[in-house]
Amino acid sequence: MSMNQSKIFHPFKSQLELETGKIGSNANCWDRKLSEMTEIYDQENINNQLDISGNTIVYRVYEHELPYEKGHLIPVTTILYPGRVGNQFFMTKGHYHENRGTAEVYLILNGEGVLTMQTEDGQHQEIEFSTEDLLYIPPFWAHRMVNTSISDPLIFYGIYPADAGHDYQTIVETGFKKKVIYNPDTKRNFSII
Ligand code: S6P
Ligand code: ZN
């Protein structure tokens, strides 16, 4: 394949603050608020939540500004704050990649939690993790991160193919097979049910 010079993207360097997850330059930052993700929590938990209409930030994302085109890779950090809605921990909305055949890698910079995953043919897998763990999400697996810490943010770095796309709607409709709930009667403070 011939290379079109006008399409050559230039290399760059950037800084990632390991303690905060902040990506210093060329990055967009966006927040997901609780009020924007009420459909993914159990409705009885949502109904008992007092500040649902407020501006509680569940997570913040720093994502490198790059073309969403095949061939590129997108570096991204997520800071998932500690918190709960009823007995459900703060978690990401969760998604399949629109382009189902694309994978993703997560590196845990700080914190602990559970990665819940499932496929459309009915398989599921839950992986507990902590700082310095490397998580591999293969093609076809929907993925959601759950912060099981009572006090600390979960900070993770990810890299995904730029043409992956994000399908949130399927998860809104089906939910995840497994939930991670606060359970003070266990040593680790949570149960996967
Ligand atoms: C992108 C990757 C992450 C998430 C981020 C927020 O493919 O998996 O960067 O976008 O952790 O989660 P969500 O489910 O709201 O996109
Ligand atoms: Zn993803």
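Right above here is the structure, for reference.
This write-up is about the structure you can find in this document. On a predicted model such as this, the values are computed, not experimentally measured, just so you know.

**Quick look at the sheet that holds strand β7 (residues 104–110)**
Piece 1. Spatial strand order, β1-β2-β3-β12-β7-β10: six strands in an open sheet with antiparallel pairing. Because the sheet does not close on itself, it has two edges, and the strands there are β1 (27–33) and β10 (134–137). Across the sheet, the mean angle separating the axes of adjacent strands is 20 degrees when strand polarity is ignored.
Piece 2. Here strand β2 (residues 57–64) pairs with strand β3 (residues 73–80) via five bridges, running antiparallel. Bridged to glutamate 63 within β3 is valine 76.

**Focus: the side chain of asparagine 45**
Piece 1. By the element assignment, asparagine 45 lies in helix α1 (residues 43–47).
Piece 2. Among the polar contacts made by the side chain of asparagine 45, one reaches the side chain of asparagine 87 at a distance of 3.3 Å.
Piece 3. Asparagine 45 has contacts with Val85, Gly86, Asn87 and Gln88, leaving out every residue within four places of it along the chain.

**Thoughts on the site of ligand 1**
Piece 1. In the vicinity of ligand 1 there are 16 residues, among which Tyr59, Glu104, Tyr106, His166 and Tyr168 approach most closely.
Piece 2. Measuring from an oxygen atom of ligand 1, one finds a side-chain N or O atom of histidine 95 at 3.0 Å.
Piece 3. Contact between ligand 1 and histidine 143: an oxygen atom at 3.5 Å from a side-chain N or O atom of the residue.
Piece 4. In the complex, the protein chains occlude 98% of the 390 Å² of accessible area that ligand 1 would expose alone.
Piece 5. The set of elements that each furnish at least two residues to the shell around ligand 1 consists of β3, β7 and β12 (154–161).
Piece 6. Within the shell around ligand 1, the residues separate by chemical class into six nonpolar, seven polar and three charged.

**Concerning the environment of lysine 187**
Piece 1. Along the chain, lysine 187 falls in the loop between β14 (180–182) and β15 (190–192).
Piece 2. With relative accessibility at 90%, the residue lysine 187 sits in the exposed group.

What counts and how
Residues numbered from 1 in each chain as written. Chains lettered and ligands numbered in written order. Predicted model: local features only at pLDDT ≥ 70, side-chain atom pairs only at ≥ 80, totals over all residues. Heavy atoms only, no water. Pairing = 2+ DSSP bridges. Helix = DSSP H or I, 4+ residues; strand = E, 2+ residues; numbered from the N terminus. Axes fitted to C-alpha atoms, helices over the stretch in contact; angles between N-to-C directions. Polar contact = N/O pair within 3.5 Å; in protein donor to acceptor, adjacent residues only side chain to side chain. Contact = heavy atoms within 4.5 Å. Near = heavy atom within 4 Å. Areas by Shrake-Rupley, 256 points an atom, 1.4 Å probe, with all protein chains shown as cover. Nonpolar A, V, L, I, M, F, W, Y, C, P; charged D, E, K, R; others polar. Buried < 20%, exposed > 50% of the residue type's maximum accessible area, 1.4 Å probe, protein only.

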